[in-house]
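# Commentary on secondary and tertiary structure
Chain by chain, the residues run as shown.
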Amino acid sequence: MDNEIRILLVDDNLLDVERTLEALRRHRLGGAVRVARGGQEALDYLFARGQFGMRRRFPLPDAILLDLNMPRPDGYEVLAQVRAADALRRIPVSRCARPRRKANAPSTASRAPTATC
């Protein structure tokens, strides 16, 4: 039985993706990481749309590492949709962002753990 933690890494910055993957590998968590290179790709994956339509082939992650600062849909929008979906809201989300922050970032009250890295 596969007991690896499945992580969905959502980031549009290739350098940040490489750095994150390296850090996960150092901590032996890099074996089951799926990368979504933007908000739309992440939503398609999470909601099993388009190329990700086969849930057996593309299982839901156990955790999501989410960059908040991406082009639309941005990380705030992705997080809002994850929290609104019954099947997804319990997945822990770690929100990552560089120091720049949206002035009017929406509140993201959640029912699952959410960390900021």
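The rules behind the values
- Residues numbered from 1 in each chain as written.
- Predicted model: local features only at pLDDT ≥ 70, side-chain atom pairs only at ≥ 80, totals over all residues.
- Heavy atoms only, no water.
- Helix = DSSP H or I, 4+ residues; strand = E, 2+ residues; numbered from the N terminus.
- Buried < 20%, exposed > 50% of the residue type's maximum accessible area, 1.4 Å probe, protein only.
- Contact = heavy atoms within 4.5 Å.
- Areas by Shrake-Rupley, 256 points an atom, 1.4 Å probe, with all protein chains shown as cover.
- Polar contact = N/O pair within 3.5 Å; in protein donor to acceptor, adjacent residues only side chain to side chain.
- Arc of directions from axis to C-beta.
- Pairing = 2+ DSSP bridges.
- Right-handed = clockwise from strand over helix to strand, strands pointing away.
- Lys, Arg positive; Asp, Glu negative; His and termini not counted.
- Salt bridge = Lys/Arg side-chain N within 4 Å of Asp/Glu carboxyl O.

Our next topic: the overall build of the protein chain. The helix and strand tally for the protein chain stands at three helices and five strands. Looking at the protein chain as a whole, 40% of its 117 residues are labelled buried. Sequence separation of 24 or more characterises 61% of the internal contacts of the protein chain that already satisfy a separation of 6 or more. For the protein chain, the computed accessible surface area is about 7,300 Å², with 51% contributed by carbon and sulfur atoms.

On to the side chain of Arg 89, then. Note on placement: Arg 89 falls in the loop between helix H3 (75–84) and strand E4 (93–96). Polar side-chain contacts of Arg 89 include one of 3.2 Å to the backbone oxygen of Ala 84.

An α-helical turn contains 3.6 residues, so a residue and the one three or four places further along point in the same direction. Within helix H2 (residues 39–46) the residues assigned to the buried category are Gly 39, Ala 42, Leu 43, Tyr 45 and Leu 46. Take H2 and look down its axis: the buried residues cluster within an arc of 160 degrees, on one side only. Looking at the buried positions of H2, the neighbouring elements they touch are strand E1 (7–10), strand E2 (33–36), strand E3 (63–67) and H3.

Bringing the pairing of E4 into the picture now. Every regular strand shows the same layout, with side chains that alternate between the two sheet faces. With burial as the criterion, each face of E4 is covered, one bearing Val 93 and Arg 95 and the other bearing Ser 94 and Cys 96. Inspection of the sheet shows E3 paired to E4 by four bridges, in the parallel sense. The residue of E4 that forms the bridge with Leu 65 is Ser 94. Remark: the E3/H3/E4 crossover connection has right-handed handedness.

Note on placement: Arg 83 falls in helix H3. Buried within the structure, Arg 83 lacks any salt-bridge partner; its nearest side chain of opposite charge belongs to Asp 86, at an N-O separation of 11 Å. From its side chain, Arg 83 meets the backbone oxygen of Arg 89 in a polar contact 2.9 Å long.

Let's shift gears to the pattern of salt bridges. Scanning all chains against the criterion turns up five salt bridges. Across the pair Glu 22 and Arg 25 runs a salt bridge, and its minimum N-O distance is 3.6 Å. Here Arg 25 and Glu 22 lie together in helix H1 (residues 14–26), a separation of three residues that amounts to about one turn. By relative accessible area, which is 35% here, Glu 22 ends up partly exposed.

Remember that the coordinates give geometry; whether it matters functionally is a separate question.
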